[in-house]
Amino acid sequence: MERIVFGTLPYDVAHLLGGAVLLLSFTLLSQRRIAATINTYALQAVVIAASSCWQAYVQHAPHLYLTGALALIAKGVVIPLALHRLVRRLRLSHGVETALGIFPTMLLGVGLVTLSIMVVLPTTVQSQALTREDLALALSVVLLGMLMMITRTSALTQVIGFMSLENGLILAAVSVEGMPLVVELSVAVLVLVAFVVFSTFFLRLRAQFDSLDTRHLDRIGSAHR
Amino acid sequence: MADWFEPASATALAPLLGAVLLALIRSPRLGSLIAIAASGLSLAFAARLPWQSGHGVFILVDPLAAHVAILTAFVGFTSALYSRRYIAVEIAAGRLDGPRARQYHALFMSFLGFMLLALLSNNLGVTWVALEAATISAVLVVGLTRTESAIAASWKFFILCGVGIALALFGTVVLYLAALPALGTGYAAMTWTELARAAPNCRGTLLNLAFVFLLVGYGTKAGLAPLHGWMPDAHAEGPTPVSAVLSGSVLNVALVVILRLRGIMASNAQAIDPGPPIMALGLLSVLFAAFSLWGRRDVKRFFAFSSIEQSGLAAFAIGLGGASATFAALLHMTVHTLAKSAVFQCVGSAAQRRGAQSFQALSGLIASDRALGLTLAAGIVALAGLPPFGLFASEILILSNTMNTHPWLVLPVSIGLLVGGWKLIARLIDLCLGPATETSATSSHAPVMGALSLAPAWVHLALAAVLGVAMPMTFAAWLAAAAAVVP
């Protein structure tokens, strides 16, 4: 494989797609409505799909097309549709409940991105430029997903945070040259299984608490300590 | 791919096939027998592992993997035996219905199978997938009773372990990247055996980054503070046989991964010394858990904190490094797994009799049920690290190793052990001695398990005692061989 350097098309497109994934992570953090959050997540999954297909093309690694296709179908279409349906069926509130305001969350997010760049870039000096930058972007997406899980109180938005975190993992896995298929498949399987798990949780939660607010769970937990 | 059909992988495949079969079986009675058969078969296959050493692209059988796999399969088998009566009583008492009991057996077997697969895998990716699948099975089984607190516990379990395991995957990707210059692209850069061989030529800076993520990720599964949050809830709410296996196997699998990782880090000159971070997490867990034991009112939650303490101590010994400390860590993991599952089985029987699991409801067990009370008392003595049980030997060994290399750390470790052991003995007096609490009217009608259901606990405690006072030379040599796997 020819070395991918700054200023060539393979590099620029991969960089653009990685940047778009990170931008969408910030968009996720700034959403105030459930429907918009789900749509943003779907868009992020589509960009991830595009990114893995581009890597498949550049690295001449056809199995990455499969990763891309799985991301597109499962996370870009099926899961968002199911989540929309869930919101309608359970008549969940349309707002996003936050434990921390949008603006402080965004500031924290910027801090996390700075942190991950400062951690990744110095440690990967000898690696390919593209791998370095994609790894920094992927770590940022992972950390932003965690931030979303911490600062949002509803179970649904926490799940979306978790799935967005997994998008970051895929971005990392596809951008490393020649990573064996095992990982991509496992992540894809995980997302599907996780969704099954989560959906059963949602139904039960709804039946018992009339809400998907996980603060109820904290109260129950502390009552039994 | 022929790797999957090696005799060694049958250890993991038996429970997994059992799980598939159980998903199709309607009768809970037949289900429990199939679970016993599948786990017994798995134990039989595991017992042959010491003679099947070798490795392929996916499967790795070395003394370390074989030892922990035998231990896991053994505890899985005795827990399946115990489950048979336990689940029958739960059904009779109306806490579980037929379909749930069926789900219970199927999930328990898939949990066991994936644990064993994670242990015997040579590929970091496969280890990761297996541990993830085991986590999902465990989450489902913890939430099985569908009470509010059970759902809260499994939600917390899932979120914390989900994030932990996600970080571990990121670490796996970075580790692969670190091994690329030494091993090139492909499966080699993800296999433990190749990584251990090529570790000196890996990129040190990337290894450091991978180490941080893998330690945090697998540390979550090992229940190391400050990432232990899921343990008390999952143990308190899950069905008791599962608490028994959860306390042993998941912690052990995660600790084995951390141990192998330490070996890779230690043989690379550029990488940081892996010892201090692992020791710091371990010591923090020991101290935190020992002091947390004091405020607990729920018995299973109490013993979950005790598991965090013991797991922390094992991690501390792994961090110390050296053949002797690793030997002590493996002995500690082995005896703790045996003793803790015996204790959980007793607590499960007691909680079924009294219909509650707080210390208040379970006091005076010897007065109301002599065999159960005495078995539980022996189990708690074992956990407190007192002779004649094996934890005494392993704790002394860990302390003496600490004395040799880091003398100033003996003080905090001993404080943790003393504080924890003191509270365990105090609780032993509450639980076992004194007058029995009145059983409520509803629970006195409930069917109870016979004294024979304690047999697995007796076997566990007998083994723990043998390892404490008269460890056979062959076993010591075997454990030393397992400890020598990692440099």
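Owing to the predicted nature of the structure, the values given are computational and were not obtained by experimental measurement. (Residues numbered from 1 in each chain as written. Chains lettered and ligands numbered in written order. Predicted model: local features only at pLDDT ≥ 70, side-chain atom pairs only at ≥ 80, totals over all residues. Heavy atoms only, no water.)

A.B. asks: Got a minute to help me understand the overall build of chain A in this structure?
C.D. replies: What chain A contains, in helices and strands, is 8 helices and 0 strands. N-terminal to C-terminal, the α/β element order of chain A is α-α-α-α-α-α-α-α. With 225 residues in all, chain A has 56% of them scored as buried. For chain A, long-range pairs separated by at least 24 residues make up 75% of all intrachain contacts whose partners lie at least 6 apart in sequence. Carbon and sulfur atoms make up 68% of the accessible area of chain A, which totals about 9300 Å². (Helix = DSSP H or I, 4+ residues; strand = E, 2+ residues; numbered from the N terminus. Buried < 20%, exposed > 50% of the residue type's maximum accessible area, 1.4 Å probe, protein only. Contact = heavy atoms within 4.5 Å. Areas by Shrake-Rupley, 256 points an atom, 1.4 Å probe, with all protein chains shown as cover.)

A.B. asks: How should I be thinking about the overall build of chain B in this particular structure?
C.D. replies: In terms of helices and strands, chain B carries 20 helices and 2 strands. Sorting the 487 residues of chain B into buried and exposed places 66% on the buried side. Excluding contacts between residues fewer than 6 apart, the proportion of contacts in chain B whose partners are at least 24 apart in sequence is 80%. As presented, chain B carries roughly 15400 Å² of accessible surface, and 70% of it is formed by carbon and sulfur atoms.

A.B. asks: Is there a simple way to think about the nonpolar core in this case?
C.D. replies: A general tendency of soluble globular proteins is for nonpolar side chains to be buried together. In terms of nonpolar packing, the biggest core is built from 239 residues, with Met109(B), Phe111(B), Phe170(B), Tyr218(B), Phe303(B) and Leu376(B) touching the most fellow members. With 22 residues, helix α6 (residues 148-183) of chain B is the largest single contributor of residues to this core. (Core = buried A, V, L, I, M, F, W, Y, C linked by side-chain atoms within 4.5 Å.)

A.B. asks: Help me understand the state of the cysteines, please; the structure alone is not making it clear to me.
C.D. replies: The term disulfide refers to a covalent linkage connecting the sulfur atoms of a pair of cysteines. Residues and elements named next belong to chain B. On inspection of all chains with the given rule, the structure shows 0 disulfides over all chains. There is no disulfide at Cys432, and the cysteine sulfur nearest it, in Cys346, is 8.7 Å away. The exposure class assigned to Cys432 is buried, which follows from its relative accessible area of 1%. (Disulfide = S-S within 2.5 Å.)

A.B. asks: Would you explain the side chain of His460(B) in this entry?
C.D. replies: Residues and elements named next belong to chain B. Residue placement: His460 occurs in helix α19 (residues 455-469). Taking relative accessible area as the criterion, His460 reaches 0% and is therefore assigned buried. Among residues more than four places away in sequence, those in contact with His460 are Phe74, Val75, Thr78, Leu338, Ser341 and Ala342.

A.B. asks: Looking at this model, I keep getting lost on the packing of helix α1 (residues 10-24) of chain B against helix α4 (residues 98-120) of chain B. Mind explaining?
C.D. replies: To describe two helices that pack against each other, one gives the angle between their axes and the distance between the axes. Residue and element names in this part refer to chain B. Close contact between α1 and α4 brings their axes to 8 Å; oriented N to C, the two are set at 160°. As the angle between them shows, α1 and α4 are arranged roughly antiparallel. The way α1 lies across α4 gives a crossing that is left-handed. Between α1, through Thr11, Ala12, Pro15, Leu16, Ala19, Leu22 and Ala23, and α4, the contact on the second element is made entirely by Arg102, His105, Ala106, Met109, Ser110, Leu112, Gly113, Phe114, Leu116, Leu117 and Leu120. (Axes fitted to C-alpha atoms, helices over the stretch in contact; angles between N-to-C directions. Parallel < 35°, antiparallel > 145°, perpendicular 65-115°, else oblique. Left-handed = near helix turned anticlockwise from the far one by under 90°.)

A.B. asks: I keep staring at the side chain of His228(B) and nothing clicks. Help me out?
C.D. replies: Mapped onto the secondary structure, His228(B) falls in the loop between α8 (204-221) and α9 (230-237). Discounting residues that sit within four places of it in the chain, His228(B) has contacts with Gly223(B), Phe288(B), Phe305(B) and Ile308(B).

A.B. asks: Would you take a moment to explain helix α11 (residues 275-292) of chain B for this structure?
C.D. replies: Residues three or four positions apart in an α-helix share a direction because the helix packs 3.6 residues into each turn. A rise of 1.5 Å per residue sets the reference length of α11(B), with its 18 residues, at 26 Å; its end C-alpha atoms lie 25 Å apart and thus fit the reference within 8%. What α11(B) keeps buried is the set Gly275(B), Ile278(B), Met279(B), Leu281(B), Gly282(B), Leu283(B), Ser285(B), Val286(B), Ala289(B), Ala290(B) and Ser292(B). (Expected span 1.5 Å × (residues − 1).)

A.B. asks: It is not clear to me how the environment of Pro122(A) should be interpreted in this structure. Could you clarify?
C.D. replies: By secondary structure assignment, the location of Pro122(A) is in helix α4 (residues 102-123). Separated by 10 residues in the primary sequence, Pro122(A) and Arg132(A) place their C-alpha atoms 9.2 Å from one another.

A.B. asks: Sorry, what's going on with the confidence of the model for chain A here?
C.D. replies: Do not read the fine detail of predicted coordinates wherever pLDDT is low. Considering every residue of chain A, the mean pLDDT works out to 77; 75% of them sit at 70 or more. Helix α8 (residues 215-223) of chain A is the least confidently modelled element of chain A, averaging 54 in pLDDT, while helix α2 (residues 34-59) of chain A averages 89, the highest of any element. (pLDDT = per-residue confidence, 0-100.)

A.B. asks: How should I be thinking about the packing of aromatic side chains in this particular structure?
C.D. replies: To describe a pair of aromatic rings, you give the distance between the ring centres and the angle between the ring planes. Overall, the coordinates contain 11 aromatic pairs over all chains when judged by the stated rule. For the ring pair Trp54(A) and Tyr57(A), a centre distance of 5.5 Å and an interplane angle of 45° mean the geometry is tilted. Here Trp54(A) pairs with Tyr57(A), and both are found in helix α2, just 3 residues apart, close to one helical turn. Since its relative accessible area comes to 53%, Tyr57(A) is described here as exposed. Through pairs of rings, three or more aromatic residues link up here, namely Phe302(B), Phe303(B), Phe344(B) and Phe359(B). Positioned above the aromatic ring of Phe359(B), the side-chain terminus of Arg427(B) is 3.9 Å from the ring centre. (Phe/Tyr/Trp six-rings, centres within 6.5 Å; stacked < 30°, edge-to-face > 60°. Lys NZ or Arg CZ within 6 Å of the ring centre and 35° of its normal.)

A.B. asks: Any chance you could explain the environment of Leu115(A) here in plain terms?
C.D. replies: Secondary-structure assignment places Leu115(A) in helix α4. Once the C-alpha coordinates of Leu115(A) and Leu143(A) are considered, the two residues, 28 residues apart in sequence, prove to be 9.7 Å apart.

A.B. asks: Sorry, what's going on with helix α20 (residues 473-483) of chain B here?
C.D. replies: All names here are of chain B. Within α20 the residues assigned to the buried category are Phe475, Ala476, Leu479, Ala482 and Ala483. One side of α20 holds all its buried residues, which, seen down the axis, span an arc of 120°. The exposed residues of α20 that point more than 90 degrees off its buried face are Met473 and Thr474. (Arc of directions from axis to C-beta.)

A.B. asks: Would you mind showing me how to read a nonpolar patch on the surface here?
C.D. replies: All names here are of chain A. A cluster of nonpolar side chains, contributed by Leu43, Val46, Leu72, Ile73, Val77, Val78 and Leu81, occupies part of the molecular surface with about 600 Å² of accessible area. Sort the elements by how many residues they give to the nonpolar patch and helix α3 (residues 63-89) lands first, with 5 residues. Topologically, Leu43 is positioned in helix α2. (Patch = residues over 30% accessible without salt bridge, like charges linked within 9 Å, V, L, I, M, F, W, Y side chains within 5 Å. Salt bridge = Lys/Arg side-chain N within 4 Å of Asp/Glu carboxyl O.)

A.B. asks: I tried to follow the environment of Leu411(B) on my own but got confused; where do I start?
C.D. replies: Residue and element names in this part refer to chain B. Looking at where Leu411 falls in the secondary structure, it is placed in helix α17 (residues 410-432). Classification of Leu411 by relative accessible area gives exposed; the value is 58%. In the structure, Leu411 is positioned 12 residues away from Leu399 in sequence and 9.5 Å away in space, judged by C-alpha atoms.

A.B. asks: Would you explain the pattern of salt bridges in this entry?
C.D. replies: Pairs may arise between side chains of opposite charge once their charged atoms sit close together. All names here are of chain B. Taken as a whole and judged by the stated rule, the model has 5 salt bridges over all chains. The salt bridge involving Arg427 is made with Asp430; its shortest N-O contact spans 3.0 Å. Taken together, the positions of Arg427 and Asp430, both in helix α17 and 3 residues apart, correspond to about one turn of that helix. Residue class for Arg427 comes out buried when judged on its relative accessible area of 12%.

A.B. asks: Which parts of the structure should I look at to understand the packing of α2(A) against helix α6 (residues 155-175) of chain A?
C.D. replies: All names here are of chain A. It is at 10 Å that the axes of α2 and α6 come closest, and there the two elements cross at 10°. The angle between α2 and α6 places the two elements in the roughly parallel class. Of α6, the residues touching α2 (which contributes Ile34, Thr37, Ile38, Tyr41, Gln44, Ala45, Ile48, Ser51, Ser52, Gln55 and Gln59) are Leu156, Thr157, Ile160, Met163, Ser164, Asn167, Ile170, Leu171, Val174 and Ser175. Within the contact of α2 with α6, the residues separate by chemical class into 11 nonpolar, 10 polar and no charged. (Nonpolar A, V, L, I, M, F, W, Y, C, P; charged D, E, K, R; others polar.)

A.B. asks: What is the right way to read unusual backbone geometry from this model?
C.D. replies: Across residues other than glycine, the phi torsion is negative in most instances, and most of the peptide bonds are trans. All names here are of chain B. With omega at 0°, the peptide bond leading from Ala225 into Pro226 counts as cis. Tracing the sequence through the fold places Pro226 in the loop between α8 and α9. With an omega of 10°, the peptide bond running from Pro387 to Pro388 counts as cis. By the element assignment, Pro388 lies in the loop between α15 (370-383) and α16 (390-405).

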